[in-house]
Amino acid sequence: MATSASAVLSKTVKKQFLDLPQGDKVQAMYIWIDGSGEGLRCKTRTLNSEPKTIDELPEWNFDGSSTHQSEGSNSDMYLIPVAMFRDPFRQDPNKLVLCEVFKYNRKPAETNLRHICSKVMSMSEVADKQPWFGMEQEYTLLGTDGHPFGWPSNGFPGPQGPYYCGVGADKAYGRDIVEAHYRACLYAGVDICGTNAEVMPAQWEFQVGPTEGVNMGDHLWAARFILHRVCEDFGVVVSFDPKPITGNWNGAGCHTNFSTNDMRAEGGLKAIEDAIERLSKRHTYHIRTYDPNGGLDNARRLTGHHETSSIHEFSAGVANRGASIRIPRAVGQEKKGYFEDRRPSANCDPYAVTESLVRTCLLKEEGDAPTVYSK
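Report follows, based on the coordinates. This is a predicted model, so every value here is computed, not measured.

To continue, consider the sheet that holds strand 1 (residues 26–33). As summarised here, the arrangement of the five strands in space is 2-1-5-4-3, forming an open sheet in which the pairing is mixed. Each of the sheet's edge strands pairs with one partner strand only, and the pair in question is strand 2 (40–47) and strand 3 (60–63). With strand direction ignored, the average angle separating the axes of adjacent strands in the sheet is 40 degrees. Pairing of strand 1 with strand 2 involves eight bridges; the strand directions are antiparallel. For Met-29, the partnering residue across the bridge sits in strand 2 and is Thr-44.

What follows is the structure in structure tokens.
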């Protein structure tokens, strides 16, 4: 972490300039997902007044050949604002603007999974069920050299056991980063609802939700961006790799909690069980959508060990963290609530995960490919 005298001086100088008045102008940082489907890019423009709604934000463009999204001979890509948050780094009235990416022909870029997710979530068969999601984003803090933050330079820390929800300098590595991220998300208006230290040292988790429909993906991507920016200021790197350290260490997932109004109502356990039955028949489809590389990333994590199910088998159980789908014990007792899909990887696209759950559980799709719906 940056703790040297030069780093302290840099922060002091930075604050000096950020405290300068900016008049009536507003800085809007446009954010988008790049061609990897995992990386985030951003750039800033000046607005003449503070935007109150998305409709007041202008479209913009960028060089797609530099983000693996187009060729240099036809490089312009469009940025279409879709969600707006307060900027916790520059503070009010400045904004963070999450954007969808479109190609020159106005078709969505290959990694713009929000576009179809939004259409699916707006279908009456889906919207009427009020799908709620909560996503538990695990991540690992690394030094700029790629070594896990706080780990001994020439070896490993003690084995897993004392680190999960641990307290103390020998158990919790990087708590100040976590606290900064939490507060920044609250300031921004992200639906962050909690955080905790995870099983592997230098690994943490934050939770977003409950959030309805396509907003789940918007808020999780915004929270990821804020985490990257916070880590940048602390001189560390955040990794969403689902198995950042090989060996006897836990991987990183993005467990996804899902419910509908039927599941949350009295006797909703029946709707939960029906949804799980549908999921059991479509395991391969979901595995393909739960990481950006069609399941290859998750294959390193979903081994059947370290609190995971096997990638090759579907399973479900009450309070079972080694199952594909976990029904929380309280839900089993109250006969209503939600279920947790433990298969999504830490680097999943939340738009793909939430869309696939809706397709299988609410639109009752079957088979290994998504259904194409007419307008």
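From this point on, the discussion continues.
For any two aromatic rings, the description comes down to two numbers: the centre-to-centre distance and the angle of the planes. Across all of its chains, the model carries nine aromatic pairs by this definition. Between the aromatic rings of Phe-258 and Phe-339, the centroid separation amounts to 5.7 Å while the plane-to-plane angle is 75 degrees, which identifies the pairing as edge-to-face. Here Phe-339 lies in strand 13 (residues 339–341) and Phe-258 lies in strand 10 (residues 254–259), a separation of 81 residues in the sequence. Each member of the pair, Phe-258 as well as Phe-339, carries the same accessibility label: buried. Through a chain of ring-to-ring contacts, three or more aromatic side chains come together here, namely Phe-133, Phe-258 and Phe-339. Taking NZ or CZ as reference, Arg-229 lies 4.3 Å from the ring centre of Phe-89, over its face. If you follow Arg-282 out to its NZ or CZ, it ends over the ring of Tyr-285, 3.9 Å from the centre.

Along strand 8 (residues 203–212), eight of the ten residues are buried, which leaves the element largely enclosed by surrounding structure. Examined bridge by bridge, strand 6 (residues 132–142) and strand 8 share eight bridges and lie antiparallel to one another. Within strand 8, the residue paired with Glu-138 across the bridge is Glu-205. For strand 7 (residues 192–197) and strand 8, the ladder comprises five bridges, and the chain directions are antiparallel. Residue pairing for strand 8: Asn-196 is matched across the bridge by Glu-205.

Looking now at the state of the cysteines. In total, this model carries zero disulfides according to the counting rule given. Counting only cysteine sulfurs, Cys-348 is the nearest neighbor of Cys-117, a cysteine outside any disulfide, at a range of 12 Å. For Cys-117, a relative accessible area of 0% corresponds to the buried category. Here Cys-254 is not disulfide-linked; the sulfur of Cys-348 is the nearest cysteine sulfur, at 4.1 Å.

With that out of the way, let us pick up empty space enclosed by the protein. Counted by the stated rule, this structure contains one cavity of 30 Å³ or more. Around the largest cavity, the lining comprises 13 residues; the ones closest to its centre are Ile-33, Cys-99, Glu-100, Val-101 and Asn-112. Secondary structure elements with two or more residues in the lining of the largest cavity: strand 1 and strand 5 (95–102).

A separate point is unusual backbone geometry. Following Asp-92, the chain continues into Pro-93 via a peptide bond in cis, with omega recorded as 10 degrees. Within the secondary structure, Pro-93 is located in the loop between strand 4 (76–86) and strand 5. Not every positive phi belongs to a glycine, and Gln-91 is a case in point at roughly 65 degrees. Here Gln-91 lies in the loop between strand 4 and strand 5. Gln-91 gets classed as partly exposed once you look at its relative accessible area, which sits at 45%. Positive phi values are uncommon outside glycine, yet Arg-106 reaches one of about 70 degrees. Along the chain, the position of Arg-106 falls in the loop between strand 5 and helix 2 (114–121). For Arg-106, a relative accessible area of 42% corresponds to the partly exposed category.

For any two helices packed against each other, one specifies the crossing angle of their axes together with the interaxial distance. Axis separation between helix 7 (residues 269–280) and helix 11 (residues 350–361) bottoms out at 9 Å; the angle between their running directions is 105 degrees. The orientation of helix 7 with respect to helix 11, classified from their angle, is roughly perpendicular. Contacts between helix 7 and helix 11 involve Ala-275, Arg-278 and Leu-279 from the former and Leu-357, Thr-360 and Cys-361 from the latter. The residue makeup of the contact of helix 7 with helix 11, split by class, is four nonpolar, one polar and one charged.

Let us look at the packing of helix 4 (residues 175–188) against helix 5 (residues 215–234). Running from amino to carboxyl end, helix 4 crosses helix 5 at an angle of 135 degrees, the nearest separation of the two axes being 9 Å. Relative to helix 5, helix 4 is oriented oblique. Relative to helix 5, the crossing made by helix 4 is right-handed. Contact with helix 4, carried on its side by Asp-176, Ile-177, Ala-180, His-181, Ala-184, Cys-185 and Ala-188, involves Ala-223, Ile-226, Leu-227, Val-230, Cys-231 and Phe-234 of helix 5 and no other residues of that element.

What counts and how
Residues numbered from 1 in each chain as written. Predicted model: local features only at pLDDT ≥ 70, side-chain atom pairs only at ≥ 80, totals over all residues. Heavy atoms only, no water. Pairing = 2+ DSSP bridges. Helix = DSSP H or I, 4+ residues; strand = E, 2+ residues; numbered from the N terminus. Axes fitted to C-alpha atoms, helices over the stretch in contact; angles between N-to-C directions. Phe/Tyr/Trp six-rings, centres within 6.5 Å; stacked < 30°, edge-to-face > 60°. Buried < 20%, exposed > 50% of the residue type's maximum accessible area, 1.4 Å probe, protein only. Lys NZ or Arg CZ within 6 Å of the ring centre and 35° of its normal. Disulfide = S-S within 2.5 Å. 1 Å grid on protein atoms, 1.4 Å probe; cavity = no way out; pocket = protein on both sides within 12 Å on 5 of 7 lines; lining within 4 Å. Points joined across faces, edges and corners; volume = space filled by probe spheres on them. Parallel < 35°, antiparallel > 145°, perpendicular 65-115°, else oblique. Contact = heavy atoms within 4.5 Å. Nonpolar A, V, L, I, M, F, W, Y, C, P; charged D, E, K, R; others polar. Left-handed = near helix turned anticlockwise from the far one by under 90°.

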